[in-house]
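The primary structure of each chain is shown beneath.
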Amino acid sequence: MHVVFSCENTQYMWWQAELLQYTYSKVGMQSELTALVSATGEPARNFTCSSMEVSNYESHGVTGIFKPFNKPGSIAEWAAAGGPEEDTVFIIDPDSAFVGIVPDPGPLPLGEACAQSHDYMDLSLPMSQTVLNRHCSQEARGRVQPVGIYIMINKTDLARLAPRWLQKTIDIRDDEICRNALPDQAWISDMWAYAIVAAELGIRHHITSFSQMTCSNCLAYPIIHYCFPVLAEPDQWWDPSRNQTRLWSKWDYKPWDLPPASAAGSVEGRALLDNLTELATARNH
């Protein structure tokens, strides 16, 4: 298994990659971890894990800068660069912290993959129907699954899928109707593009829970996805419209400040900030 993630050559993405690598090694993951680093024009940063410089795809659409283009673009570039064709690829996000082992399944059969499902991609939602009606072939509609990051897939399948994944992401994001229907100006265009292209190629996913998000008050799975802030209040989901105590967030963290780990209201929040405290302490000495 080869584990890959897309990021940019920025300080914001670099420190996330360093925390990812720290927790990845700490739990004993043995598979190669590779950062696909989109060029930014800044001096190259030193990533502790292996890395590959790739093009920056954020301007490939017609609607301005859209950073999620980098994920399918960089993965398509990496998959086309060679390496073992039958390898299993585990696609993760940079804002991930490992708290357990993700077992290597060995080579996955062609046409089979594993991925996490997401409630906000429920196929019955009106916004989902809008995307499917406009960007999914009728023949593939019945095979679409509400899946996205985290994804485990055969590299041969990925090499076929990735270029179409990028183009479909561009098509959905550039579609004004979809951009207005989906939240945050269609920030999840790349997730819908992946799900649709996989269905069109006949790739079937085994639904697998690889992670829990911050604010879930859960540590049942091997990865913490810290897409939301860490709150002081227990058992509350992040809601920017509510009066909540935001202890820590990736959005404004400065490496290597020490975070308020013990004050986190959720178990995964404490685990995340404990790991960050360990890394920050080591980097400050």
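Residues numbered from 1 in each chain as written. Predicted model: local features only at pLDDT ≥ 70, side-chain atom pairs only at ≥ 80, totals over all residues. Heavy atoms only, no water.

Enquirer: Would you take a moment to explain the pairing of strand β7 (residues 147–154) for this structure?
Expert: Moving residue by residue along a regular strand, the side chains alternate between the two faces of the sheet. Among the 8 residues that make up β7, 8 are buried, leaving the element largely enclosed by the rest of the structure. In the sheet, strand β4 (residues 88–92) pairs with β7 via 4 bridges, with the strands oriented antiparallel. Pairing of Ile91 across the sheet is with Ile151, part of β7. In this structure, strand β6 (residues 112–117) lies alongside β7, joined through 5 bridges in antiparallel fashion. (Buried < 20%, exposed > 50% of the residue type's maximum accessible area, 1.4 Å probe, protein only. Helix = DSSP H or I, 4+ residues; strand = E, 2+ residues; numbered from the N terminus. Pairing = 2+ DSSP bridges.)

Enquirer: Would you explain helix α8 (residues 267–283) in this entry?
Expert: Side chains of residues three or four places apart in an α-helix project in the same direction, reflecting 3.6 residues per turn. Between its first and last C-alpha atoms α8 spans 24 Å; for 17 residues at 1.5 Å apiece the expected length is 24 Å, and the two agree. Within α8, the full set of buried residues consists of Glu268, Gly269, Ala271, Leu272, Leu273, Asn275, Leu276, Leu279 and Ala280. (Expected span 1.5 Å × (residues − 1).)

Enquirer: Can you walk me through the sheet that holds strand β10 (residues 223–225) in this structure?
Expert: Within a sheet, each strand pairs with its neighbour through backbone hydrogen bonds, oriented either parallel or antiparallel. A sheet is described by the order of its strands in space; here 3 strands give the open sequence β5-β10-β9, paired in mixed fashion. Across the chains shown, the open sheet's two edge strands, defined by having one partner strand only, are β5 (96–98) and β9 (211–213). On average, each strand axis in the sheet is tilted by 25 degrees relative to the strand beside it, whichever way the strands run. Summarising the sheet, β9 and β10 pair through 3 bridges and their orientation is parallel. Counted as the bridge partner of Gln212 is Ile224 from β10. On the sheet, α8 packs against β5, β9 and β10 and is oriented at approximately 95 degrees with respect to β10. (Axes fitted to C-alpha atoms, helices over the stretch in contact; angles between N-to-C directions. Contact = heavy atoms within 4.5 Å.)

Enquirer: I keep staring at the sheet that holds β4 and nothing clicks. Help me out?
Expert: What the 7 strands build is an open sheet, ordered β3-β2-β1-β4-β7-β6-β8; its pairing is mixed. The open sheet has two edge strands, β3 (50–54) and β8 (204–207), and neither has a second partner. Taken over all neighbouring pairs, the strand axes of this sheet differ in orientation by 30 degrees on average, direction set aside. Sheet contacts for helix α2 (residues 70–79): β1 (2–8), β2 (32–38), β3, β4 and β7; angle to β1, the most-contacted strand, approximately 130 degrees. Against the sheet, helix α4 (residues 155–174) makes contact with β4, β6 and β7, and its axis sits at roughly 135 degrees relative to β7, the strand it touches most.

Enquirer: Teacher, can you tell me more about the environment of Thr245 here?
Expert: For Thr245, the location among the structural elements is in the loop between β11 (230–231) and β12 (246–248). Residues Thr245 and Leu231, spaced 14 residues apart in sequence, show a C-alpha to C-alpha distance of 5.6 Å. The contact partners of Thr245, leaving out residues within four places of it in the chain, are Val230, Leu231, Ala232 and Glu233.

The values are spatial; any link to function lies outside them.
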